[in-house]
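Close look at the chain arrangement
As a plain string of letters, each chain reads:
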Amino acid sequence: MTADGSCVPLIPLRQRAFVPADKDRLQRAEATFDPLPVDAGVARAYGRIDAATAAVGRQAHGRRSMDLLIAATAVASGLPLYTRTPEDFSGLSDLLDIVAV
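Residues numbered from 1 in each chain as written. Predicted model: local features only at pLDDT ≥ 70, side-chain atom pairs only at ≥ 80, totals over all residues. Heavy atoms only, no water.

Focus: the overall build of the protein chain
In plain terms, the rule: Under the scheme used here, helices are H or I runs from DSSP no shorter than 4 residues and strands are E runs no shorter than 2 residues, and both carry numbers assigned from the N terminus. Burial classification: accessible surface area is computed with a 1.4 Å probe over protein chains only, and a residue below 20% of its type maximum counts as buried, one above 50% as exposed, and the rest as partly exposed. Here, two residues are considered to be in contact whenever any of their heavy atoms come within 4.5 Å of each other.
Counting its secondary structure elements, the protein chain contains four helices and four strands. The N-to-C order of helical and strand elements in the protein chain reads β-α-α-β-α-α-β-β. Taken across its 101 residues, the protein chain has 31% of its residues classed as buried. The contacts in the protein chain between residues at least 6 apart in sequence include a share of 53% that link residues at least 24 apart.

This is the structure in structure tokens:
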């Protein structure tokens, strides 16, 4: 059985997949879930998330932009966002359900 999730977390693993241990992690991660597409709906959701982030005085740069892309995928798919760092998504609770794990 596979779970749905954004394909965005796989990007850093793909970037380092030439290291054997990372290649193994990547293959196990890819076998675990069916990734959700990053499509026009996600792009629209990202715009709303970016605006909400700016409204609380934060900006989307670097790693943070990837986190927000994952959040946008959750918004577009009507799914909650499970995270170990809910504080990274402050100001977004009106747009998505943030679940601390």
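A short note on the packing of helix α3 (residues 40–55) against helix α4 (residues 63–77)
So the rule is basically this: The axes are straight lines fitted to the C-alpha atoms, using for helices just the contacting stretch, and the angles between their N-to-C directions are given from 0 to 180°. An angle below 35 degrees is read as roughly parallel, one above 145 as roughly antiparallel, one from 65 to 115 as roughly perpendicular, and any other as oblique. Note on convention: near helix rotated counterclockwise from far helix by under a right angle means a left-handed crossing. Clockwise means right-handed. Throughout this entry, Asp, Glu, Lys and Arg are counted as charged residues, while Ala, Val, Leu, Ile, Met, Phe, Trp, Tyr, Cys and Pro are counted as nonpolar. The remaining residues, Gly among them, count as polar.
The interhelical angle for the contact between α3 and α4, taken along N-to-C directions, is 120 degrees, at an axis separation of 8 Å. By the criterion of interaxial angle, the relationship of α3 to α4 is oblique. The chirality of how α3 crosses α4 is right-handed. Contact residues: G41, V42, A45, Y46, R48, I49 and T53 in α3; R64, S65, L68, L69, A71, A72, T73, V75 and A76 in α4. Split by residue class, the contact of α3 with α4 holds ten nonpolar, four polar and two charged.

Thoughts on the environment of A54
Inspection of the secondary structure assignment puts A54 in helix α3. In this structure A54 comes out as partly exposed when scored by relative accessible area, which is 49%.

Considerations on α4
Where we set the bar: One fewer than the residue count of a helix, multiplied by 1.5 Å, yields its expected span.
With 15 residues, α4 extends 22 Å between its outermost C-alpha atoms, agreeing within 8% with the 21 Å of an ideal straight helix rising 1.5 Å per residue. Phi turns positive one or two residues past the end of α4, at G78, with a value near 70 degrees.

Quick notes on the environment of T53
Position of T53 relative to the elements: it lies in helix α3. We classify T53 as buried; its relative accessible area is 0%. It is 6.3 Å that separates the C-alpha atoms of T53 and G91, two residues lying 38 residues apart in sequence. Not counting the four nearest positions on each side in its chain, T53 is found in contact with R58, Q59, R64, L68 and L92.

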